[in-house]
Amino acid sequence: MEAEGELLLAGGGHSHSLVLRIWAMAGRHWQRRPAARITLISRHSTAPYSGLVPALVAGLVGEQAGAIDLRRLCLVAGVTFVQAEITGLNLQTRELHLEERPSLRWDWLSLDVGAETYELAGAAMAVKPLDPFLEWCRQLDQTNLRIKGGGAAAVELALALRGRGLKPELLLRGAELHLGSRAANRVGERLLHRAGIGLERHSPAAAPADLACTGSRAPRWLAAAGLSQDQRGRLLTAASLQVLNHPGVFASGDCGVIAAQPRPPSGVWAVRCAPTLARNLTRVVSGRPLRSWRPQPWALQLLGDGGSLGRSPQAAAFWGPWALGPSPLLWRWKRFLDQRFMDRFSSLKAMAGDRPTPMACHGCAAKLAAGPLQDALARNGLGGGTPGSAEDAAVIGQDGQGNLLLQSVDGFPALVSDPWLNARITTLHACSDIWACGAQVRTVQAVVTLPQLAASLQANLLSETLAGIESVLKPLGARLIGGHSLEARNSLEARGTPVGLSLVLSVNGAVEAGRLWGKGPLRPGDGLLLSRPIGTGVLFAAAMVGTAQPQWLDGALATMQQSQAALVELLAGHGCRACTDVTGFGLLGHLGEMLAASPTSCRVTLNAGQVPSLPGALTLLEQGFTSSLAPANASALALLEDRVELQSPVDGARLALLIDPQTCGPLLAAIPADRIDAALAEMERAGFPGAATIGQVHS
């Protein structure tokens, strides 16, 4: 099934999350994903489930228990995941605008971008969007809180905050709560009175408050798009969920409302519309008639009290004009329904496979193992097949100013599904060969291999890839001066997800003749400095099967995207004598290359316990996860019986970390021991707090 167009899912709300789950299941004909290149764009890699937000605020559940892992969901559904802030859209050019990166083009667009708090006057924080609010909650250091709002969300959050031991007060614009009926208002007041939460009735609009929970409106950037909207900015749609007068644009969740059957924003309707949305996105791509969705008149609301004042949690149920509770039984029912919803996503893990075995990894872990590489080089008289006989970059001449000119080449199959981010990571990785020689990058040429797709999709992929390369080069003052493009063959998986995207870069740099660093020689008295943590190999191996926690991958990607260009001058200023970058052969393998370029009398005492690791890496290694290149890298463990001595015994996970293949890994630099502390302090000031001293060179 070859993709013929671009379908963008803007936002990771409940509707889109369930649509992705439907496509991941694909058990019935109507569940099949559209024949398009599909991309989900979300500001975060996780989406909080609104039903568990009060329990999360109250501290009754952990953060992970209430979050949908969008990156893993996209992996299972065969959808590209792009983490970016959406800032607008252009209907004429069919482009979705993103913050600090190029726009994405679309043939079909589905919007599920959530909502913003409607009225903020006098309030320090808004409940929506949820992610900033939850971060604000985590950092709360005050006891008394004034909350604007009298709806169900405001009441439930006040009860949740009371359950944490805080003292909230609700500020009402009028005399009554707004829970949908008189019966619901009476139950709500009983819950608040029971928890000792005060009500300030007829509160002035400008009254100061800590938190605003005053209803919602669609994100303001939608108002500039020229789409039909109601008074609160929600997009007006037909029963097919198509935005009125724009058949290629869909809207659901809190940002959309059916014009003929308006309903207030609610997670219930966002969930209920998902099957129709999934069907209609598949149908619109194939040109078939769409289905209609008829929302129910009322939505069931289960409002929990957060276990305030140490009592057993209770909940109330609201349905149209009726109200029931509060009752512990209703609370247990609410928890059952919330858990059942989250289980829909956690149960998908087994479909991706989660066994702790080596995966056929991408990124630098896809490189050829050291053994066959050295064998092939030796057969052809290239480098003698000896580790360390080749530097990170080759000297190819001099310029007119007496600088040495360097050249290197690097690249790999796509590590992440986002072409822009993948190109950025690959470029930073390739540039590290130049930085490891003490040089600055000047020019780059690129070879891009694209999957077999429609011509327009290939153009989009190539454009996003080139933009990712430029995002690295422009701050360096370097240029992309040319390249070549190829089309992969047999690069479509059965589900229609394009594979075969890869990028190889030839990087050119320059350095003053007297400042060129090699991998060696190391000298007795040198200290070994590692510029940042390692562990990307096992993290992305686990990510391929949906096992890595989303915050671990977020942290790894943030580290990998940090340019190490500034370290060249910093390390030179502290007397750097030798350097390499830690990539596919792992820390121990690349340390072996430095030793191979040094006198045989050189030995290294390695403090493996001080080697910094990315969050989650050691946990995964302890569980038995490894990258597909790690078993071949294990040959470097022989160094521990020869020229490398461990300062103290370490466990199996720490040993596995030493041979974990790295993408965008750190620089490993040899610096006079008396300069190490000063270098580390300067690196921390420069934004490299994860740097560490990991060993010493002696004879």
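Source: prediction; values computed, not measured.

### Some details on the environment of glycine 397
Part 1 of the reasoning: When you line up the elements, glycine 397 lands in strand 24 (residues 394-398).
Part 2 of the reasoning: Here the alpha-carbon distance between glycine 397 and alanine 510, two residues 113 residues apart in the chain, equals 9.6 Å.
Part 3 of the reasoning: Setting aside residues no more than four positions away along its own chain, glycine 397 makes contact with Asn403, Leu404 and Leu405.

### Focus on the packing of helix 14 (residues 536-543) against helix 15 (residues 550-560)
Part 1 of the reasoning: Two elements in contact, helix 14 and helix 15, have axes separated by 11 Å at closest approach and are oriented at 135 degrees. By the angle between their axes, helix 14 is oblique relative to helix 15. Helix-helix and strand crossings are classified by hand; for helix 14 and helix 15 the assignment is left-handed. Of the residues in helix 15, those in contact with Thr536, Leu539, Phe540 and Ala543 of helix 14 are Trp552, Leu553, Ala556, Leu557 and Met560.
Part 2 of the reasoning: Tallied by class, the residues present in the contact of helix 14 with helix 15 amount to 8 nonpolar, 1 polar and no charged.

### Some details on the sheet that holds strand 28 (residues 502-512)
Part 1 of the reasoning: Strand order across the open sheet formed by 5 strands is 24-25-28-26-27, with mixed pairing between neighbours. Two strands bound the open sheet, and with one partner strand each, they are strand 24 and strand 27 (479-487). Strand-to-strand twist in this sheet, taken as the mean axis angle between neighbours without regard to direction, amounts to 20 degrees.
Part 2 of the reasoning: Pairing of strand 25 (residues 403-413) with strand 28 involves 11 bridges; the strand directions are antiparallel. Within strand 28, the position partnered with leucine 404 by the bridge is valine 511.
Part 3 of the reasoning: Helix 13 (residues 455-476) contacts strand 26 (440-450), strand 27 and strand 28 of the sheet and is inclined by roughly 170 degrees relative to strand 26.

### A word on unusual backbone geometry
Part 1 of the reasoning: Each neighbour pair has its own omega, and for glycine 325 with proline 326 the value is 5 degrees, a cis peptide bond.
Part 2 of the reasoning: Along the chain, the position of proline 326 falls in strand 23 (residues 322-327).
Part 3 of the reasoning: Across the junction of glycine 520 and proline 521, the peptide omega takes the value 5 degrees, indicating a cis bond.
Part 4 of the reasoning: As for its position among the elements, proline 521 is in the loop between strand 28 and strand 29 (526-530).
Part 5 of the reasoning: If you check the backbone angles, cysteine 664 has positive phi at about 55 degrees while not being a glycine.

### Here's the deal with the sheet that holds strand 13 (residues 167-171)
Part 1 of the reasoning: Strand order in the open sheet formed by 5 strands is 11-15-12-13-14, and the pairing between neighbours is parallel. The open sheet is flanked by strand 11 (123-126) and strand 14 (198-200), the only strands paired with a single partner. Strand-to-strand twist across the sheet, computed as the mean angle between neighbouring axes with direction ignored, equals 30 degrees.
Part 2 of the reasoning: As paired strands, strand 12 (residues 144-148) and strand 15 (residues 209-212) are joined by 2 bridges and run parallel to one another. Considered in strand 15, the bridge of isoleucine 147 is made with leucine 211.
Part 3 of the reasoning: Packed on one face of the sheet, helix 4 (residues 130-138) meets strand 11, strand 12 and strand 15 and runs near 120 degrees to strand 11.

What counts and what doesn't
- Residues numbered from 1 in each chain as written.
- Predicted model: local features only at pLDDT ≥ 70, side-chain atom pairs only at ≥ 80, totals over all residues.
- Heavy atoms only, no water.
- Helix = DSSP H or I, 4+ residues; strand = E, 2+ residues; numbered from the N terminus.
- Contact = heavy atoms within 4.5 Å.
- Axes fitted to C-alpha atoms, helices over the stretch in contact; angles between N-to-C directions.
- Parallel < 35°, antiparallel > 145°, perpendicular 65-115°, else oblique.
- Left-handed = near helix turned anticlockwise from the far one by under 90°.
- Nonpolar A, V, L, I, M, F, W, Y, C, P; charged D, E, K, R; others polar.
- Pairing = 2+ DSSP bridges.

Take it as geometry only, folks, not as evidence of what the structure does.
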